[in-house]
Amino acid sequence: MITFSLETRTFYLETKNTSYVIRILDNGTIAHSFYGSRIPQEDISYYNIFREMSFSPQISVGENQFSPESLLLEYPTFGRGDFRLPAVVVQGTDGTNVNELQYVSHKILNGKPAMSNMPQLDVNVENVQTLELVLRDAIAGYEAVLYYTTFDTSDVISRRTVIRNIVDSPILLKSVCSASFDIENSDFDMITLHGSWARERHVERYPLHHGTNSIDSRRGASSHQLNPFAAIVGKDTTEFFGTAFGISLIYSGDFRLSVEVDHSDTTRVQIGLNPETFSWVLNPGESFDTPEALLTYSEVGLNGMSQNFHHVCRNHLGKCADPNLRHPVVINSWEAMYFDFDETKMVKFIKDCTDLGIDTVVMDDGWFGHRDDDHSSLGDWFIYDKKLPNGLKEIIDTCHNNGMNFGIWFEPEMISQDSKLFELHPDWCIHIPSRKAIESRNQLILDMTRPEVVDCIFEQMCRILSTYDISYVKWDMNRHMTDNGSLALPCNRQGEMGHRYILGVYKLIQRLEEKYPNVFFEGCSGGGGRFDFGMLYYMPQIWTSDDSDAVERLKIQYGTSFAYPPSAMVAHVSACPNHQTGRTVPLDTRGNVAQTCSFGYEFDVGKLSYEEKEAIKAQISKHRQLEDMVNHGTFYRLRSPFETDCCAWQLVSDNQMQSYVMFAWRTSSPHPKVQYLKLQGLDPQKYYTIPQLGITRIGATLMRVGLAIPMPTTVDYPSVVFDLLSE
Ligand code: DGJ
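Values in this document were obtained by computation on a predicted structure and should not be read as measured data.

Empty pockets left among the atoms are what a rolling probe the size of a water molecule brings to light. When its volume is computed, the largest pocket comes out at roughly 930 Å³. Residue lining of the largest pocket: 47 residues in total, with Gln307, Asn308, His311, Gly633 and Thr634 positioned closest to the centre. Going through the elements one at a time, strand S22 (292-298), helix H1 (301-316), helix H11 (610-632), strand S33 (634-639) and strand S34 (646-652) are the ones with two or more residues in the lining of the largest pocket. Among the residues making up the lining of the largest pocket, the classes are represented as 17 nonpolar, 23 polar and seven charged.

The linkage connecting Cys576 with the following residue, Pro577, adopts the cis geometry, with an omega of -5°. Along the chain, Pro577 falls in the loop between strand S31 (569-574) and helix H10 (587-594). Residue Ser223 is not a glycine yet carries a positive backbone phi of 90°. As for its placement among the helices and strands, Ser223 is situated in the loop between strand S15 (211-216) and strand S16 (226-234).

Here we come to the sheet that holds strand S25 (residues 405-410). One closed barrel accounts for eight strands, arranged S23-S24-S25-S28-S29-S30-S31-S32; its pairing is parallel. Neighbour to neighbour, the strand axes of the sheet diverge by 30° on average, direction disregarded. Two strands pair when backbone bridges link them, and strand S29 (residues 520-523) and strand S30 (residues 541-543) are joined in this way by two bridges, in the parallel orientation. Within S30, the position partnered with Glu522 by the bridge is Gln541. The strands touched by helix H6 (residues 451-467) within the sheet are S25 and strand S28 (472-475), with S25 carrying the most contacts at an inclination of about 165°. Each of S30 and S31 is contacted by helix H9 (residues 550-560), which is oriented at about 170° to S31, the strand it contacts most.

What follows concerns the site of the ligand. In the vicinity of the ligand there are 13 residues, among which Asp364, Asp365, Lys474, Asp476 and Asp546 approach most closely. Asp365 is positioned such that a nitrogen or oxygen atom in its side chain is 2.6 Å from an oxygen atom of the ligand. One of the side-chain N or O atoms of Trp409 is found 3.0 Å from an oxygen atom in the ligand. Here the ligand loses 98% of its free accessible area of 290 Å² to cover by the protein chains.

Looking now at the sheet that holds strand S2 (residues 10-14). Sheets are built from strands that pair by backbone hydrogen bonding, the pairs being arranged parallel or antiparallel. Strand order in the open sheet formed by four strands is S1-S2-S3-S4, with antiparallel pairing between adjacent strands. Of all the strands in the sheet, the pair left with one neighbour each is strand S1 (2-5) and strand S4 (30-37). Across this sheet, the average inter-strand angle for adjacent strands is 15°, counted without regard to direction. In the sheet, S1 pairs with S2 via four bridges, with the strands oriented antiparallel. In the sheet register, Ile2 faces S2, and the bridge partner there is Leu13.

Take the pattern of salt bridges next. A complete count under the given rule lists 42 salt bridges for this structure. The residue Asp372 makes a salt bridge to Lys386 at a minimum N-O spacing of 3.6 Å. Of the two residues, Asp372 sits in the loop between strand S24 (360-363) and helix H4 (393-401) while Lys386 sits in the loop between S24 and H4, which places them 14 residues apart along the sequence. With a relative accessible area of 38%, Asp372 lands in the partly exposed category. A relative accessible area of 59% places Lys386 in the exposed class. The shortest N-O distance in the salt bridge between Arg450 and Asp427 comes to 3.8 Å. In this pair, Arg450 is assigned in the loop between strand S27 (444-445) and H6 and Asp427 in the loop between helix H5 (420-424) and S27, connecting sequence segments 23 residues apart. With relative accessibility at 9%, the residue Arg450 sits in the buried group.

What follows concerns the side chain of Gln270. In this structure, Gln270 sits in strand S19 (residues 267-273). At 3.2 Å, the side chain of Gln270 forms a polar contact with the backbone oxygen of Leu85. A polar atom in the side chain of Gln270 sits 3.5 Å from the backbone oxygen of Pro86. Once residues within four sequence positions are removed from consideration, Gln270 is found in contact with Pro76, Leu85, Pro86, Ala87, Cys177, Ala179, Ser180, Arg256, Leu257 and Ser258.

We now examine the environment of Gln625. In this structure, Gln625 sits in helix H11. As for Gln625 and Leu257, which are separated by 368 residues in sequence, their C-alpha atoms are 39 Å apart.

Turning to the pairing of S22, a few remarks are in order. Counting buried positions over the seven residues of S22 gives seven, a clear majority of the element. Side-chain alternation along S22 places Glu292, Leu294, Thr296 and Ser298 on one buried face and Ala293, Leu295 and Tyr297 on a second face that is also buried. Two strands pair when backbone bridges link them, and strand S11 (residues 156-165) and S22 are joined in this way by four bridges, in the antiparallel orientation. Counted as the bridge partner of Val156 is Thr296 from S22.

Let us now look at the nonpolar core. Trp367 and Leu392 are the most contacted members of the largest nonpolar core, which has 188 residues in total. In contact with Trp367, not counting residues within four places along its chain, are Phe341, Trp381, Phe382, Ile383, Tyr384, Leu388, Ile408, Trp409, Phe410 and Ile464. One finds Cys646, Val661, Trp665 and Leu682 within the second-largest nonpolar core, a separate group that totals 20 residues.

Under the criterion given, the structure shown has 39 aromatic pairs. Look at Trp334 and Phe339: their rings are 5.2 Å apart centre to centre, the planes differ by 90°, and that puts the pair in the edge-to-face class. Pair check on accessibility: Trp334 and Phe339 agree, each one buried. Seen from their ring centres, Phe599 and Tyr601 are 5.2 Å apart, and the 65° between their planes marks the pair as edge-to-face. Assigned by exposure class, Phe599 and Tyr601 land together as buried. Members of the aromatic cluster, each reached through a chain of ring pairs, are Phe229, Phe309, Phe531, Phe533, Tyr558, Phe562, Tyr564 and Phe642. Sitting above the plane of the Tyr558 ring, Arg637 keeps its charged end 5.8 Å from the centroid.

About the criteria used
Residues numbered from 1 in each chain as written. Predicted model: local features only at pLDDT ≥ 70, side-chain atom pairs only at ≥ 80, totals over all residues. Heavy atoms only, no water. 1 Å grid on protein atoms, 1.4 Å probe; cavity = no way out; pocket = protein on both sides within 12 Å on 5 of 7 lines; lining within 4 Å. Points joined across faces, edges and corners; volume = space filled by probe spheres on them. Helix = DSSP H or I, 4+ residues; strand = E, 2+ residues; numbered from the N terminus. Nonpolar A, V, L, I, M, F, W, Y, C, P; charged D, E, K, R; others polar. Pairing = 2+ DSSP bridges. Axes fitted to C-alpha atoms, helices over the stretch in contact; angles between N-to-C directions. Contact = heavy atoms within 4.5 Å. Near = heavy atom within 4 Å. Polar contact = N/O pair within 3.5 Å; in protein donor to acceptor, adjacent residues only side chain to side chain. Areas by Shrake-Rupley, 256 points an atom, 1.4 Å probe, with all protein chains shown as cover. Salt bridge = Lys/Arg side-chain N within 4 Å of Asp/Glu carboxyl O. Buried < 20%, exposed > 50% of the residue type's maximum accessible area, 1.4 Å probe, protein only. Core = buried A, V, L, I, M, F, W, Y, C linked by side-chain atoms within 4.5 Å. Phe/Tyr/Trp six-rings, centres within 6.5 Å; stacked < 30°, edge-to-face > 60°. Lys NZ or Arg CZ within 6 Å of the ring centre and 35° of its normal.

Nothing here speaks to function; it is geometry throughout.
Dropping the structure here:
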């Protein structure tokens, strides 16, 4: 719900539990008044004290004199008295970066205007309203149109910005945020998700310092290293108490998320494209759309913030919100065989999986061109006849005859120098002619800014997808960007390459999904190197990490859940000793840790004992009981693996009739303590039976007293699970 008070020139944007208040000042500046828990629509202008500051220019508004940097602002600019980070920098017709945006007009729209070329939250949603706020800098020659959409039940406000050239000569967009807002104090901690390949999204919490606290990517992808997400939280905020702002971006490329604390201890929060790797020439009449940012606020701690992100993702984000979506239980050939397979081996691999309950067998890397290792063939999306002389027919028939579907791996954005495609088009990779392009994993990146490159890969993929009955595609991306240049762009537009690349990738996925609506796409980038809301719009699950070790996965999945729902995380049970860590973890712990996500396997079933196969059948049938909660229930983090030697999480069904608790230990210890765990999200008045404990207790007791959990001492890395069932 959005309303405007003509008298105080104030906009009130409301979701179920939050208010976001914006005010138009008399000089046309857009001030930020408040973002937090829901408040009545009163005049709160008394709260924003504008004052004159030393070493800071003053401007007059009506009878008042004040310094622009004493204001809380909504979409600030550089060069007119606010020395903090600007939300937009346009090099205008006068050649300077000095900008000043002023209110021109606004509309309150029912629904949400669509963008044509980028992932975004739903546009056809009931009870959603959008504020369109037009600001103008006539001297620099542009308008900034700010869009705010309220997703009421998710407590999420989405924001994006359109920059329009309004003069008859080109202007240069040097930086542009999707969203910016200021908070009146700085007594916060920042939480971000950092990592590396095989160690993604580890939670890091630190106090804000004066100056800029920022995370970003200039890798051409959202990255393993720093996820496009941050929480700004009160000092006393925990998983269940206290205030938490959540910020994220529906985007898969370079970004910057910055939180600046100034000398008056106010905080400026911004998210958008990374200005270091971005610039854009806007010709007369042209406009530029930023990606969409997501903002949320919770006064019930970090779980509340995460649940808002999960809710908006599962109800309003592209494929994730498809009501007919069903995440298949998958077995993937990668850790079973790597590149070392042929038709005979693959057929045996499939037959060994029969009758376990698996839905889809995925043939990973190594089936195309002449690919025997990672030195060749990317870009040659035709069958490797030495390995697969009968094409895919025998393999797919074997899947179908044994009650399973077939899935296949592609890495569409890449090219190997040892490939037919490179022979034909050596200039199709991202490179700068005067420099030798740098390889990573022996490969180069295709220049997806060029429509002919997108067309070529599209056609090659269509040939495979149209010839064979393929129900699942794993879309991988195994290196980051260097030599950022495109032959297709003139010198003054090279700064557009990174963003145009991502637009090309989105276009390719969109075309494939339109042509093959029944194919399920899974995202991947060397594990979770592009785990973001942009990819999730098209691909409702992402391979969370190449690290399949259950103990490492506790941290990775716990951290990932700060922004992304469990259904978005792909988690597989793999062989032991684990291929990444060498660790041996009991099969039931491997199952317990993976089962509360989009579930599957990653080993050679033929090497398992009868008992292990029976255990796998039981795990899959358990996952079937849980999958509705995984996909639609509420996820609670109960015990942090970053702060303790344990990890616990809980799922609760929408109707609170069912719940499931997973508790795992990250080390074994002698004479271990009993763990006491208070549960969450239950109906305080309902009785729940816990078969594993042989007790029935009322929800209030389970939430206030909790469970007592002794550590099993017979194995290393133990875990326990509890079902809670209500009648
Ligand atoms: C990286 C992925 O994360 C793995 O699962 C596997 O698909 C390999 N690439 C194949 O090259």
